[in-house]
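Coordinate inspection notes
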Amino acid sequence: MNIPFTKMHGLGNNYIYIDGFKVDLKEEHLPNLAKDVSNVFTGIGSDGLILMLPSDFADVRMRIFNKDGSEAMNCGNGLRCVAKLAYDLGYVKTQTFKVEAKSGVVDAEVELEQGLVKNVTIDMGQPILERSQIPMKTLTGAEEDHVIQEPFLVGEEDLYATAVSMGNPHVVFYVDDIADAPIQTVGPAVTDDQRFPEGVNVEFVEVVNDSEINFRVWERGSGITQACGTGACAAVVSSVLNDYVPKGDEVTVHLDGGDLMITWKEDGHVMMKGPAVTVASGEYYWQKI
Ligand SMILES: N[C@H](CCC[C@H](N)C(=O)O)C(=O)O
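Nothing here was measured: the structure is a model prediction, and the numbers come from that model. (Residues numbered from 1 in each chain as written. Predicted model: local features only at pLDDT ≥ 70, side-chain atom pairs only at ≥ 80, totals over all residues. Heavy atoms only, no water.)

1. So, the confidence of the model for the chain
It should be kept in mind that the predicted coordinates are not to be read in detail where pLDDT is low. Of the residues in the chain, 100% reach a pLDDT of 70 or more, and the chain-wide mean stands at 97. With pTM at 0.97, the complex prediction returns an ipTM value of 0.93. (pLDDT = per-residue confidence, 0-100.)

Structure representation (structure tokens):
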């Protein structure tokens, strides 16, 4: 099957995007398609697959699949790129519109420079902090409903976890120097830890000052990526909860692939602003069907 695609990225967090308004894919094929298309030997190579689809609740709908074929509830970089794609392909005619993710409907605003979409702002809604809704179990018997700097032993590493959901689960560990973050060891160990029944995206954060943090991520289902939008939002929420940055101020999150501007507003909503880039389009010759 020859499948038309567009390759896009948000700060290097790159996905293969398929226009579901034109391409009709069978539900049962999606996990294997995500695995094959994102693998550099069987496909184009990416952090996963994203479908842009018609929606009954918003202007367009986004579905995101990780490299391992698992479907995620949300994707910040994906939302920005779907917003750009929808505008560029004319599925939306205004600069502000709504996008439906599995975790809910968000407001999007595309910014134009010489008529082209460069940056996109997404209102990511409110974070979820209740342990049971992350979801996260505890082995320490801690009964607190929020997970803030909770002791979290990983092998020999004495870590302290702060857990936040942006519709998808995130756990944040603070380090003194992001360059020394134990991402290759702690990342894979924690992402599948029994304390996270649905798995978890694992973030490491170095606080630079009260308006800047450095950030790296091991993503559930995809491993290390250049950037993670929902992760950056979770990291800023966590940093407010830990009194590293003030609520209501814009925080610059320095990710491997570049900077995101994140604000956890006093009204509880998390705003994310960052780039969305189209790099290529073509046809993927999927041999499986
Ligand atoms: N890269 C995405 C997150 C993907 C989340 C996925 N790894 C999961 O929750 O399973 C982002 O920009 O938010």
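Once you've had a look at it, read on.
2. As for empty space enclosed by the protein
With the rule as written, the count across this model stands at 3 cavities of 30 Å³ or more. The volume enclosed by the largest cavity comes to roughly 90 Å³. In terms of lining residues, the largest cavity is bounded by 17 residues, among which Asn-74, Asn-168, Glu-219, Cys-228 and Thr-230 are the most central. Counting only elements with at least two residues in the lining of the largest cavity, the list comes to strand E2 (13–19), strand E4 (60–66), helix H2 (76–88) and helix H4 (229–241). When residues are assigned to domains, the lining of the largest cavity turns out to be shared by domain 1 (2–125 + 275–285) and domain 2 (131–268), each giving three or more. (1 Å grid on protein atoms, 1.4 Å probe; cavity = no way out; pocket = protein on both sides within 12 Å on 5 of 7 lines; lining within 4 Å. Points joined across faces, edges and corners; volume = space filled by probe spheres on them. Helix = DSSP H or I, 4+ residues; strand = E, 2+ residues; numbered from the N terminus. Domains from an automatic or database assignment.)

3. What about the nonpolar core?
Residues Met-62, Val-99, Val-253 and Ile-262 are the most contacted members of the largest nonpolar core, which totals 56 residues. Broken down by element, the residue count for this core peaks at 7 residues, all from H4. For this core, the two domains that each supply at least three residues are domain 1 (2–125 + 275–285) and domain 2 (131–268). Ignoring any residue separated from it by four or fewer positions in sequence, one finds Val-253 in contact with Ile-213, Phe-215, Ala-232, Val-236, Gly-258, Asp-259, Leu-260 and Ile-262. By size, the runner-up hydrophobic cluster in this structure holds 21 residues, among which are Met-136, Ile-183, Phe-196 and Val-202. (Core = buried A, V, L, I, M, F, W, Y, C linked by side-chain atoms within 4.5 Å. Buried < 20%, exposed > 50% of the residue type's maximum accessible area, 1.4 Å probe, protein only. Contact = heavy atoms within 4.5 Å.)

4. Some remarks on the domain arrangement of the chain
Partitioning the chain into domains gives domain 1 (2–125 + 275–285) and domain 2 (131–268). Each of domain 1 and domain 2 has a C-alpha centre, and the two are 24 Å apart. The interface is formed by 20 residues belonging to domain 1 together with 20 residues belonging to domain 2. When domain 1 packs against domain 2, the two sides together hide about 1300 Å² of surface, and 53% of this comes from carbon and sulfur. In this assembly, domain 1 and domain 2 are joined by 0 salt bridges. One can count 7 residue pairs in polar contact (both at pLDDT 80 or more) joining domain 1 with domain 2. Broken down by secondary-structure element, the contributors of at least two residues to the side of domain 1 that touches domain 2 are E2 and H2. (Buried area = accessible area lost by both parts, 1.4 Å probe. Salt bridge = Lys/Arg side-chain N within 4 Å of Asp/Glu carboxyl O. Polar contact = N/O pair within 3.5 Å; in protein donor to acceptor, adjacent residues only side chain to side chain.)

5. Section: the pairing of strand E9 (residues 150–154)
Residues Glu-150, Phe-152 and Val-154 line the buried face of E9, whereas the alternating positions Pro-151 and Leu-153 sit on a face that is not buried. As defined by bridge partners, E9 adjoins strand E10 (residues 157–165) across 5 bridges and the pair is classed as antiparallel. Along E10, the bridge assignment pairs Pro-151 with Tyr-160. The turn joining E9 and E10, which pair antiparallel and follow one another in sequence, is formed by 2 residues; a positive phi near 60° is taken by Gly-155. (Pairing = 2+ DSSP bridges.)

6. Focus on the environment of Met-52
Tracing the backbone through its elements, the reader meets Met-52 in strand E3 (residues 48–53). Judged by relative accessible area, Met-52 falls into the buried class, the value being 0%. For Met-52 and Lys-288, which are 236 residues apart along the polypeptide, the C-alpha to C-alpha distance reads 22 Å. Contact partners of Met-52, with chain neighbours within four places excluded, come to Ile-18, Asp-19, Gly-20, Phe-21, Val-60, Arg-61, Val-82, Leu-85, Ala-86, Leu-89 and Tyr-91.

7. As for the site of the ligand
Near the ligand, the surroundings consist of 16 residues, among which Asn-13, Glu-219, Arg-220, Gly-229 and Thr-230 are the closest. Tyr-15 has a polar side-chain atom sitting 2.9 Å from a nitrogen atom of the ligand. Asn-77 places a main-chain nitrogen or oxygen 3.0 Å from an oxygen atom of the ligand. Isolated, the ligand exposes 370 Å² of accessible area, and the fraction of that covered by the protein chains is 100%. Residue composition of the shell around the ligand, by class: 5 nonpolar, 9 polar and 2 charged. (Near = heavy atom within 4 Å. Areas by Shrake-Rupley, 256 points an atom, 1.4 Å probe, with all protein chains shown as cover. Nonpolar A, V, L, I, M, F, W, Y, C, P; charged D, E, K, R; others polar.)

8. Quick look at the pairing of E3
By the criterion of burial, E3 is predominantly enclosed, with 6 of the 6 residues buried. Side chains of E3 alternate between two faces, with Gly-48, Ile-50 and Met-52 and Leu-49, Leu-51 and Leu-53 buried alike. Bridge analysis of E2 against E3 gives 4 bridges, and the strand direction is parallel. Paired with Asp-19 across the two strands is Met-52, which belongs to E3. Viewed along the sheet, the connection from E2 through helix H1 (residues 30–38) into E3 turns out right-handed. Two elements, E3 and E4, share 6 bridges in a ladder whose sense is antiparallel. Residue pairing in the sheet places Ile-50 in a bridge with Ile-64 of E4. Remark: 6 residues form the turn of the hairpin made by E3 and E4, two consecutive strands paired antiparallel. (Right-handed = clockwise from strand over helix to strand, strands pointing away.)

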